[in-house]
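Observations on the model geometry
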Amino acid sequence: GAVVSQHPSWVICKSGTSVKIECRSLDFQATTMFWYRQFPKQSLMLMATSNEGSKATYEQGVEKDKFLINHASLTLSTLTVTSAHPEDSSFYICSARVRATGSYNSPLHFGNGTRLTVT
Amino acid sequence: AQSVTQLDSHVSVSEGTPVLLRCNYSSSYSPSLFWYVQHPNKGLQLLLKYTSAATLVKGINGFEAEFKKSETSFHLTKPSAHMSDAAEYFCVVSDGAAGNKLTFGGGTRVLVKP
């Protein structure tokens, strides 16, 4: 149980275009989802917290107009990288907590990530 | 504030020998601690978690970790490494003061030699 599906697993786009990444909780409801970015051989960096039905909370230094997050339902959050540039190339990973728990001591369930390459 | 330090960026072991991945944490409150494993180009899989119950926690794939409050440590061990254990491992801390956010350690890359 507690499967998080992330799509696409990889995408290549041209500079200046936008890319949408989907994160779905397949067998549970997630009030909150988290988006992370991971550079090669580095740890995960939290970008934003996605809250169902409300605005996302962005971490310091993350451009909210560039990384648009929408959490329209309890099972789907999307991250759109707008006007992508080569420096946006990275591995993006989403995660979610089971809604019924939601507390700090319950683990996150992660998607398999999306590798974005901007040419 | 909470923080996590993984003391080794790389660990190399021979197949069949023990594995030790070291993790120290800092937290203002009673923390919850997790170990995750990440294989190349994949998401993270939960190995085990500590949430103020038994201090010795057993996880999947033969891994276990011991919470030592006096040493602020949560080291991960496995008695006998397998080739499939080659991956990146992350120690993660979470406490209520951080608004349910997780803080990740820098990761330890494990290489298993045949």
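Placed above this text is the structure.
The text that follows walks through the structure, step by step, so that each part is easy to find. Counting restarts for each chain: residues are numbered from 1 in the order of the written sequence. Lettering for chains starts from A, numbering for ligands starts from 1, and both go in the order in which the items are written. Predicted model: local features are reported for residues with pLDDT of at least 70 only, side-chain atom pairs are reported and counted for 80 or more only, and whole-chain, interface and lining totals are derived from all residues. In computing side-chain properties, one takes all heavy atoms of the structure into account and sets aside hydrogens as well as water.

**Remarks on the nonpolar core**
Operational definition: Working definition of a nonpolar core: buried Ala, Val, Leu, Ile, Met, Phe, Trp, Tyr and Cys residues. They are joined through side-chain atoms within 4.5 Å. Three exposure classes are used, based on accessible area relative to the maximum for each residue type with a 1.4 Å probe and protein chains only: buried under 20%, partly exposed in between, and exposed over 50%. Strands here mean DSSP runs of E at least two residues long; helices mean DSSP runs of H or I at least four residues long; both are numbered from the N terminus. It only takes one pair of heavy atoms within 4.5 Å for two residues to be counted as in contact.
Leu21, Trp35, Leu47, Leu48, Phe74, Leu76 and Tyr89 of chain B are the most contacted members of the largest nonpolar core, which has 26 residues in total. By residue number, the principal contributor to this core is strand S10 (residues 87-94) of chain B, which donates four residues. In contact with leucine 47 of chain B, not counting residues within four places along its chain, are Trp35, Tyr36, Val37, Gly59, Ile60, Phe63, Leu76 and Tyr89 of chain B. Counting residues in each nonpolar core, the second largest holds 24 residues, with Met33, Val62, Leu79 and Tyr92 of chain A among its members.

**Focus on the packing of aromatic side chains**
Here is the rule we go by: Here a pair means two rings of Phe, Tyr or Trp (six-membered ring of Trp) with centres within 6.5 Å. Their orientation is stacked below 30 degrees between planes, edge-to-face above 60, and tilted elsewhere.
A full pass over the atoms with the stated rule returns eleven aromatic pairs over all chains. Between phenylalanine 110 of chain A and phenylalanine 104 of chain B, the ring centres sit 6.2 Å apart and the planes meet at 80°, which makes this aromatic pair edge-to-face. Placement of the pair is phenylalanine 110 of chain A in strand S10 (residues 109-110) and phenylalanine 104 of chain B in strand S11 (residues 102-104), with the two residues belonging to separate chains. For the pair phenylalanine 110 of chain A and phenylalanine 104 of chain B, a shared accessibility class is recorded, and that class is buried. Relative to phenylalanine 67 of chain B, the ring of tyrosine 25 of chain B lies with its centre 5.8 Å away and its plane at 25°, an arrangement referred to as stacked. Of this pair, tyrosine 25 of chain B sits in strand S4 (residues 23-26) while phenylalanine 67 of chain B is found in strand S8 (residues 64-68), placing the two residues 42 residues apart along the sequence. Residues tyrosine 25 of chain B and phenylalanine 67 of chain B agree in their burial class; the two are buried.

Purely spatial values, then, with no claim about function.
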